[in-house]
Amino acid sequence: MVEASEWLAIQQVVDRLKQSYPAVSGDTVATVVHHDHARFDGRPIRDFVPLFVERSARQELRKTTG
């Protein structure tokens with residue numbers, strides 16, 4: 001189960017990436033982040049999940065924006 005603090009951290013990732021990639025729609029940014037976050041479902045250690053999600057999402061968004 002994902003704790004509220006992790007959900008908050010993931011929302012903060014979405015907000016940061018929306019600011020970093022204004023040319024990408026907010027819905028697209030949120031979709032990329034939530035897709036990356038879903039890869040960690042069922043994993044027991046959750047401490048660094050938001051960090052990993054942000055790194056992966058940034059790479060994906062860089063590809064999108066060129």
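None of these values were measured; they are calculated from a predicted model.

Engineer: Could you clarify how one ought to interpret the environment of Ala38 in this entry?
Structural biologist: Here Ala38 shows up in helix α2 (residues 26–38). Classification of Ala38 by relative accessible area gives partly exposed; the value is 39%. Spatially, the C-alpha atoms of Ala38 and Val53 are 9.2 Å apart, while their sequence positions differ by 15 residues.

Engineer: Where do I start with helix α1 (residues 4–20) in this structure?
Structural biologist: In an α-helix, one turn spans 3.6 residues, which is why side chains three or four residues apart end up on the same side. Across its 17 residues, α1 extends 24 Å between first and last C-alpha, which sits within 8% of the 24 Å expected from 1.5 Å per residue. Every buried residue of α1 is accounted for by Glu6, Ala9, Ile10, Val13, Val14 and Leu17. Down the axis, α1 shows its buried residues gathered within 150° of arc, on one side only. Within α1, the exposed residues directed more than 90 degrees away from the buried face are Ala4, Leu8 and Gln19. Looking at the buried side of α1, the elements it contacts are α2 and α3 (49–65).

Engineer: Please explain the nonpolar core as it appears in this structure.
Structural biologist: Across soluble globular proteins, you tend to see nonpolar side chains buried next to one another. In terms of nonpolar packing, the biggest core is built from 15 residues, with Leu17, Val29, Val33, Val53 and Leu61 touching the most fellow members. Of all the secondary structure elements, the ones that give two or more residues to this core are α1, α2 and α3. Setting aside residues up to four positions removed in sequence, Leu17 forms contacts with Val29, Val33, Ala57, Arg58 and Leu61.

What counts and how
- Residues numbered from 1 in each chain as written.
- Predicted model: local features only at pLDDT ≥ 70, side-chain atom pairs only at ≥ 80, totals over all residues.
- Heavy atoms only, no water.
- Helix = DSSP H or I, 4+ residues; strand = E, 2+ residues; numbered from the N terminus.
- Buried < 20%, exposed > 50% of the residue type's maximum accessible area, 1.4 Å probe, protein only.
- Expected span 1.5 Å × (residues − 1).
- Arc of directions from axis to C-beta.
- Contact = heavy atoms within 4.5 Å.
- Core = buried A, V, L, I, M, F, W, Y, C linked by side-chain atoms within 4.5 Å.

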